[in-house]
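If you want the building blocks of each chain, they are given just below.
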Amino acid sequence: MKMTRQHFLAGLAALMTSVALPAAAADWPDGPVTMIVPWGAGGGTDATARMIGSILEEQIGVPVPVQNRTGGSGVIGHAGIADAAPDGQTIGVATLEIGTMHHLGLTELDYTGYTPLGLYNADPAAIFVQDKSDYATISDLLTALNAASDGEMKGSGSAQGGVNHLALAGMLMAAGMPASRVTWVPSEGAAPGLQDLAAGGVAVATASLPEAAALMEAGLIRPLAVFSNDRLDIAPDVPTFTEATGHEFALGSWRGLVAPAGLDPAVADKITAALGAVVSDPRYTEFMAQRGYAMQWTTGADFEAFMTASDDRLGETLKAVGLASE
Amino acid sequence: MFENLMAALPLVFTWHMALIMLACATFGLFVGAVPGLSATMATAMLVPITFFMDPVPAIAAIVTTAAMAIFASDIPAALVRIPGTAASAAYINDLDAMTRQGKVGRALGISVTASAIGGIFGSLVLMVAAPQLAIVSLNFTSFEYFWLALLGLSAAVMLGSGSILKSLMALLFGLMIASIGMDTTAGFPRFTFGSTTLLGGVAFVPALIGMFAIPELIRTLVNRDPVVPVGNPLRMFAGLGGLLWRSKTNLARGSTIGTIIGILPGAGSDIGSWISYAVSKRFSRTPEKYGKGSETGLVEACAANNSALSGAYVPAMVFGIPGDSITAIVIGVLYVKGLNPGPMVFLTSGDQIMAIFLTFLIANIMIVPLGLLAVALASQVLRVPKLALAAPILCFCIVGAYSIDSAASGVVIMLVLGLFAYLMEENGFPVAPAILGIVMGLLVERNFVTSLIKADSSLLGFFERPIAAGLAVLVLIVWITPVMLWLRGRRTEVRT
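Residues numbered from 1 in each chain as written. Chains lettered and ligands numbered in written order. Predicted model: local features only at pLDDT ≥ 70, side-chain atom pairs only at ≥ 80, totals over all residues.

A.B. asks: Just give me the short version of the overall build of chain B, but keep the residues and values in it.
C.D. replies: A tally of regular secondary structure across chain B gives 24 helices and two strands. Computed over its C-alpha atoms, the radius of gyration of chain B comes to 22 Å, within 12% of the 23 Å expected for a compact globule of 496 residues. By principal-axis analysis of the C-alpha atoms, chain B measures approximately 70 × 60 × 55 Å. Across the 496 residues in chain B, those meeting the buried criterion constitute 60%. Put simply, 79% of the contacts in chain B that link residues at least 6 apart link residues at least 24 apart. (Helix = DSSP H or I, 4+ residues; strand = E, 2+ residues; numbered from the N terminus. Rg over C-alpha atoms; globule rule 2.2 N^0.38 Å. Buried ≥ 20, exposed ≤ 12 C-beta atoms within 10 Å, placed from the backbone. Contact = placed C-beta atoms within 7 Å.)

A.B. asks: How would you sum up the overall build of chain A? Please name residues and give values.
C.D. replies: When helices and strands are tallied, chain A shows 11 helices and 10 strands. For a compact globule of 326 residues, the expected C-alpha radius of gyration is about 20 Å, and chain A comes in at 21 Å, within 12% of that figure. Dimensions along the principal axes, computed over C-alpha positions, put chain A at roughly 65 × 40 × 40 Å. When each of the 326 residues of chain A is scored for burial, the buried share is 56%. Within chain A, contacts between residues separated by at least 24 positions form 75% of all contacts whose residues are at least 6 apart in sequence.

A.B. asks: Pulling in residues and values, what's your account of the interface of chain B and chain A?
C.D. replies: In this assembly, 45 residues from chain B lie in contact with 44 residues from chain A. When residues of the side of chain B that touches chain A are traced back to their parent elements, those giving at least two are α3 (39-50), α17 (325-336), α18 (343-348), α20 (386-405) and α22 (432-454) of chain B. Take the side of chain B that touches chain A: its biggest share by element is six residues, from α17(B). When its residues are assigned to classes, the side of chain B that touches chain A shows 25 nonpolar, 18 polar and two charged. (Nonpolar A, V, L, I, M, F, W, Y, C, P; charged D, E, K, R; others polar.)

A.B. asks: Explain the domain arrangement of chain A to me, and be specific about the residues and the numbers.
C.D. replies: Residues and elements named next belong to chain A. Partitioning chain A into structural domains gives domain 1 (2-17 + 32-122 + 252-320) and domain 2 (124-245). With 13 residues of domain 1 in contact, the opposing surface of domain 2 contributes 17 residues. For the side of domain 1 that touches domain 2, the secondary-structure elements that each account for two or more residues are β9 (252-260) and α11 (300-320). It is α11 that provides the largest number of residues to the side of domain 1 that touches domain 2, a total of four residues. Within the side of domain 1 that touches domain 2, the residues separate by chemical class into seven nonpolar, five polar and one charged. (Domains from an automatic or database assignment.)

A.B. asks: Residues and numbers for unusual backbone geometry, please.
C.D. replies: The omega angle of the peptide bond from A:Trp28 to A:Pro29 is -5°, so this bond is cis rather than trans. By secondary structure assignment, the location of A:Pro29 is in the loop between α1 (2-18) and β1 (34-37).

A.B. asks: Can you break down the pairing of β9(A) residue by residue, with the values?
C.D. replies: All names here are of chain A. Counting buried positions along β9 gives nine out of nine residues, so the element sits mostly inside the fold. Two strands pair when backbone bridges link them, and strand β3 (residues 90-95) and β9 are joined in this way by four bridges, in the antiparallel orientation. Bridge assignment links Ala94 to a residue of β9, and that residue is Gly256. Bridge count for strand β4 (residues 114-130) against β9 is nine bridges, and the pairing is antiparallel. When the sheet's bridge partners are listed, Thr115 is paired in β9 with Ala259. (Pairing = 2+ DSSP bridges.)

A.B. asks: Go over the nonpolar core with me, naming the residues and quoting the values.
C.D. replies: A:Ala126, A:Phe128, A:Leu194, A:Leu215, A:Ile221, B:Ile75 and B:Ile435 are the most contacted members of the largest nonpolar core, which totals 279 residues. Composition of this core by domain shows at least three residues from each of domain 1 (2-17 + 32-122 + 252-320) and domain 2 (124-245) of chain A. In contact with A:Ile221, other than residues within four places in its own chain, are A:Phe128, A:Val129, A:Gln130, A:Asp131, A:Leu194, A:Leu197, A:Ala198, A:Ala212, A:Leu215 and A:Met216. (Core = buried A, V, L, I, M, F, W, Y, C linked by C-beta atoms within 7 Å.)

A.B. asks: Could you give me a rundown of the packing of helix α2 (residues 15-33) of chain B against helix α19 (residues 350-378) of chain B, with the residues and numbers involved?
C.D. replies: Residues and elements named next belong to chain B. In contact at an axis separation of 10 Å, α2 and α19 are set at 55° when each is read in the N-to-C sense. Of the possible angle classes, the one that applies to α2 and α19 is oblique. Considering how the two elements wind past one another, α2 and α19 form a crossing that is right-handed. Every residue of α19 that contacts α2 at Met21, Ala25, Leu29 and Ala33 is listed here: Thr359, Ile362, Ala363, Met366, Leu370, Ala374 and Ala378. (Axes fitted to C-alpha atoms, helices over the stretch in contact; angles between N-to-C directions. Parallel < 35°, antiparallel > 145°, perpendicular 65-115°, else oblique. Left-handed = near helix turned anticlockwise from the far one by under 90°.)

A.B. asks: Help me get a handle on the confidence of the model for chain A, residues and values and all.
C.D. replies: This prediction gives chain A a mean pLDDT of 86; 91% of its residues lie at or above 70. In this model residues 12-23 of chain A is a low-confidence stretch, pLDDT under 50, and it forms 21 contacts with partners more than four residues away in sequence or in other chains. (pLDDT = per-residue confidence, 0-100.)

A.B. asks: Quick rundown of helix α9 (residues 265-279) of chain A? Include the residues and the values.
C.D. replies: Helical periodicity: at 3.6 residues per turn, an α-helix aligns residues three or four positions apart in one direction. All names here are of chain A. Counted at 1.5 Å a residue, the expected span for α9 with its 15 residues is 21 Å, and the 21 Å between its end C-alpha atoms agrees. Residues of α9 that are buried: Val267, Ala268, Ile271, Leu275 and Val278. An end-on view of α9 places all buried positions within 100° of arc, on one side of the element. Residues of α9 that are exposed and angled more than 90 degrees away from the buried face: Pro265, Ala266 and Ala273. Among the structural elements, α2 (44-60), β3, β4, β9 and α10 (282-291) are those in contact with the buried residues of α9. (Expected span 1.5 Å × (residues − 1). Arc of directions from axis to C-beta.)

A.B. asks: So what's going on with the confidence of the model for chain B? Residues and values would help.
C.D. replies: Averaged over every residue, the pLDDT of chain B is 82; the share at 70 or more is 92%. Ranking the elements of chain B by mean pLDDT puts α18(B) last, at 73, and helix α21 (residues 409-426) of chain B first, at 91.

A.B. asks: Tell me about the environment of A:Phe303, and name the residues and values.
C.D. replies: All names here are of chain A. For Phe303, the location among the structural elements is in helix α11. Judged by the 25 C-beta atoms lying within 10 Å of it, Phe303 is buried. Expressed as a C-alpha distance, the spacing of Phe303 and Val258, which sit 45 residues apart in the sequence, is 9.8 Å. Not counting chain neighbours up to four residues away, the residues in contact with Phe303 comprise Pro116, Gly118, Leu119, Gly256 and Thr298.

A.B. asks: Explain the environment of B:Cys24 residue by residue, including any values.
C.D. replies: All names here are of chain B. Mapped onto the secondary structure, Cys24 falls in helix α2. Separated by 129 residues in sequence, Cys24 and Leu153 have C-alpha atoms that sit 34 Å apart. Leave out the neighbours within four places in its chain, and Cys24 touches Ala61, Thr64 and Thr65.

A.B. asks: Which residues make up the packing of α2(A) against α9(A), and what values go with them?
C.D. replies: Angle between the axes and distance between the axes: these two values describe a pair of packed helices. All names here are of chain A. Two elements in contact, α2 and α9, have axes separated by 9 Å at closest approach and are oriented at 120°. Overall, the two elements α2 and α9 adopt an arrangement that is oblique. Handedness of the α2/α9 crossing: right-handed. Residue-level inspection shows Ile52, Ile55, Leu56, Gln59 and Ile60 of α2 in contact with α9, the latter providing Ala274, Leu275, Ala277 and Val278. Looking at the contact of α2 with α9 residue by residue, the class counts come to eight nonpolar, one polar and no charged.

A.B. asks: How would you sum up the environment of A:Pro265? Please name residues and give values.
C.D. replies: Position of A:Pro265 relative to the elements: it lies in helix α9. Along the sequence, A:Pro265 and A:Thr115 sit 150 residues apart, while their C-alpha atoms lie 8.8 Å from each other.

A.B. asks: Give a detailed account of the pairing of strand β6 (residues 182-185) of chain A, specifying residues and quantitative values.
C.D. replies: Residue and element names in this part refer to chain A. Bridging between strand β5 (residues 153-156) and β6 involves four bridges; their strand directions are parallel. Residue Gly155 lies in a different strand from β6, and its bridge partner there is Trp184. Read as a crossover between parallel neighbours, the route from β5 over helix α5 (residues 163-174) to β6 is right-handed. (Right-handed = clockwise from strand over helix to strand, strands pointing away.)

A.B. asks: Any chance you could break down helix α13 (residues 248-263) of chain B for me, citing the residues and the numbers?
C.D. replies: All names here are of chain B. Here α13 spans 22 Å end to end across 16 residues, near enough to the 22 Å set by a 1.5 Å rise per residue. Regarding α13, the residues found buried are Asn250, Leu251, Gly254, Ser255, Ile257, Gly258, Thr259, Ile260, Ile261, Gly262 and Ile263. Structurally, α13 contributes buried residues whose contacts are with α8 (104-137), α12 (240-246), α14 (269-283), α15 (295-311) and α16 (313-319).

Encoded structure:
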């Protein structure tokens, strides 16, 4: 009963703060700062958001409750952030999907619905095969793909139109093949897709390296190349796709902190500064390193430019795989 | 393994650990006993706290909470016929029937002990054979999961205590609800009428609360039953030993089925309890009692859902693949603690892993004394007239439905489906098959479609892999046997 009342009061408080008038920079934070996460509790995005939230709480001295608003392939949570009052009392985590969902025709919302605060993580995708597969290098795989007929090989690692699907399709196009060369088998996220690869259900899978760490360690799957501009610190032996094949291609998921569009720039600066202190906190950096998440801190206009570029590239790839609605 | 066990003991038996486990057990019991607050939610709420704990206490906190919550969800199921989690929905009619017969104490006694025994069995399997079993579980692809999910779905028809036709219609209604939202394979919105809220589908927990709680509340208001004699809920253990001994086959079978299903990454404690309940009914000498207060069915399904909880840790620890939503969270915590899941962790941190498994055992043993305490506290509810309880129960339901997505849509879903369920039950349609359809509809569909994609739309692919073919035969037997029996029965009728 006590619990219920607390929940109710928390909900009421959130409701009241969300209708409050935009605050001046000096007043921020004016009560709890809600952090909306568009993905489920327990996932990677949720874990990073909760870590950031708990340190931010100490930094600014007000509670930072994390709210998981899941559903609709991320549409609901992403819209929840954009629709909140631009007063700095609601922030949230935007992920790569903000650049795909409007191309897929799921929503009108795109990155312009936000005031960018800071990009804190970007994990490039990598391509995996079963450990006992005949393909020793990415070039072997490309040769086999070139010789294969459309749809002969199957790949998995995310939902239809998810980041890992686009990574595979983008790779095929970069290597001069049609995106339909590999039939995509949709999965609920990277883990089931990688398990399917290990079980022999599909021939290739794409995922980020941290997501595949356990199966790699078990000697069941191995990475052939990573879709980034430089080799990664966590896997220095894995070549980048570009250096191994000469084809230009990089793609990966990312996570960034955003606020609703129309936030007073002075307040935005204040929040960004507080968050900047969070991401340099040793507890945060240790946590990210342990999970194998790549760290960065790209703020303001640079983050905006990053989202624009990401949006364009994803739109092109989605069009090529025939999923874009326009 | 023995050295690891010795090294693990001092990690587990400390005052610090005892306090943490006791606190988490209380928390888990509370969350489980409140309809609408789920074990997954309790676990997610613990995560930020575990950031500041050592690895073994951190995992112990989660394990204890989850084990208690899954057991405790039987308490509201028995007392007010509202399941705390989907796992209790399989045998809720039996719990309810026993309560009405004045045997509420015995029903909860069975639930407490069978849960504990199932959980201990699952933990022992985990301790002895986790790495070996995980390798087997990895051989399951969408073909095998399709048949497994179909087997679970078939349970709906076997479970139906009334007309098979009505059970089938209820199941189809559940499947229709499950098809609302974005199609998981093609990403195409179905029956959403342009609403973004429905893109994610009908949220499962609000549907569960609505379909069980709302009809009960409406009936309370409409019928104004005089208070039913409920018996003493604290008479839990009288004659229980004899019953458990007589149903030792059920205990063993329930624990085994639960553990196996838990180990498979695509299926958790809810599917485990449905399938084992159906199996129990199939092999029972008194199948007509099922759904009307069957003690053996209760034993088997309660053992299955707690053993599945432990089983889910096998693929999680060895391959970082979650067996259910709780282990998905645990994997995250393991990474944070530097116990990165993988086969190597059993070698590099064998003592800590063993310590974690020991906490599984302790948590499941703790179910018995703490469960008794929780039942004692919760059973005061039975003294209150049902009519007076209706309002606070509705409040709990609304909060539970809201808190899943922090959205009012959950409340609407709960109320609408609840009203539907009332109309169904008033007209003799069972609700359980509909719930099963909502739980498993997507699982069946997703695995069917992904399998078809892999097999280039050839149905033969479903029979090509040996395990898949074996499961297929099992499903076909389940479907063909009743038809055969019916045909044979008709022939003898004609002859006589």
